[in-house]
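# Secondary and tertiary structure notes
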Amino acid sequence: MLDGTVLQRLRMRSGKTLVQVADWCNVSKRYIIYIEQNKEVPSEETYEAYLNCVYGTGKPLPHEPRCNQTSRKKKSGDE
């Protein structure tokens, strides 16, 4: 697996923005920042999607909630 700073350089050289990569990988922009700063290690699925986005191959990950993504629970009084 490539280092986060190498991934960042690849992304920048390809002209992709953080938002484009995050959208392609179905993760948040903040999570991509953490990967590039070596604060988080992506799953194999996210790592492959990141590289596919940068190199323009494959398809983006589906925009369905994944097992590690949960929505915010509504509190009483929320609409």
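Below, the structure is looked at part by part. None of these values were measured; they are calculated from a predicted model.

What follows deals with the nonpolar core. The biggest cluster of nonpolar side chains holds 17 residues, and the ones touching the most others in it are Leu 7, Val 21, Trp 24, Cys 25, Ile 32, Ala 49 and Tyr 50. Listed by contribution, the elements that provide at least two residues to this core are α2 (18-25), α3 (29-36) and α4 (44-55). Residue contributions to this core peak at six residues, all from α4. Those residues in contact with Leu 7 that lie beyond four places of it in its chain are Leu 2, Ile 35, Tyr 47, Tyr 50 and Leu 51.

Let us look at the pattern of salt bridges. Going through the model one piece at a time under the given rule, you end up with one salt bridge. Between Glu 36 and Arg 11 there is a salt bridge, and its shortest N-O distance comes to 2.7 Å. Of this pair, Glu 36 sits in helix α3 while Arg 11 sits in helix α1 (residues 4-14), and the two are 25 residues apart along the sequence. Assigned by exposure class, Glu 36 and Arg 11 land together as buried.

Let's shift gears to the side chain of Arg 11. Arg 11 gets classed as buried once you look at its relative accessible area, which sits at 7%. Contacts of Arg 11, omitting those with residues within four sequence positions, involve Lys 16, Thr 17, Leu 18, Val 21, Glu 36, Tyr 50 and Val 54.

The rules behind the values
Along each chain, the written sequence defines residue order, and numbers are assigned to residues from 1. Side-chain atom pairs in this predicted model are given and counted only at pLDDT of 80 or more, local residue features only at pLDDT of at least 70, and totals for whole chains, interfaces and linings cover all residues. With hydrogens and water set aside, each side-chain value is computed from the structure's full complement of heavy atoms. Take the buried Ala, Val, Leu, Ile, Met, Phe, Trp, Tyr and Cys residues and link them wherever side-chain atoms come within 4.5 Å; each set so joined is a nonpolar core. For every residue, the accessible area (1.4 Å probe, protein chains only) is compared with the maximum for its type, and the residue is labelled buried under 20%, exposed over 50%, or partly exposed between those bounds. Counting from the N terminus, the helices are DSSP H or I runs at least four residues long and the strands are E runs at least two residues long. In this analysis, two residues are considered to be in contact whenever any of their non-hydrogen atoms come within 4.5 Å of each other. By definition here, a salt bridge exists when the distance from a side-chain nitrogen of Lys or Arg to a carboxyl oxygen of Asp or Glu is within 4 Å.

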